[in-house]
Amino acid sequence: MAPDEVSASVGTLMIQVAYSPAPEVVDCVQLALPERATIEEALRASGLLQRHGLYLDASTVCGVWAKIRPLDHP
């Protein structure tokens, strides 16, 4: 990473949000978010909800590194 990229990334996480609407189909978005951003914030920022006609509610199930986490998980 170049020195200017390091300083720009302090306090920022580079993440990927992925959604699989069907077997062997994955829609993946790369984002830069603040370090303590939640799963819900990442989902909303990704545009995946709108693109796939999805919404968030109490039944929404998400995972981070194959472990189920609540929407308010950082």
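Notes on the structure in this doc start here. Since we're looking at a predicted model, the values are computed, not measured. (Residues numbered from 1 in each chain as written. Predicted model: local features only at pLDDT ≥ 70, side-chain atom pairs only at ≥ 80, totals over all residues. Heavy atoms only, no water.)

Relative to the elements of secondary structure, His-52 occurs in the loop between α3 (48-51) and β3 (62-64). On a C-alpha basis, the gap between His-52 and Tyr-19 in space is 9.0 Å, while along the polypeptide they are 33 residues apart. Apart from the residues within four sequence positions on either side, His-52 is in contact with Tyr-19, Pro-21 and Asp-27. Within polar-contact distance, the side chain of His-52 engages the side chain of Asp-27 at 2.7 Å. (Helix = DSSP H or I, 4+ residues; strand = E, 2+ residues; numbered from the N terminus. Contact = heavy atoms within 4.5 Å. Polar contact = N/O pair within 3.5 Å; in protein donor to acceptor, adjacent residues only side chain to side chain.)

With respect to the helices, strands and loops of the structure, Arg-69 is situated in strand β4 (residues 67-69). Separated by 30 residues in the primary sequence, Arg-69 and Ile-39 have C-alpha atoms spaced 8.3 Å apart. Apart from residues no more than four positions distant in its own chain, Arg-69 is found in contact with Ile-39, Cys-62, Gly-63 and Val-64.

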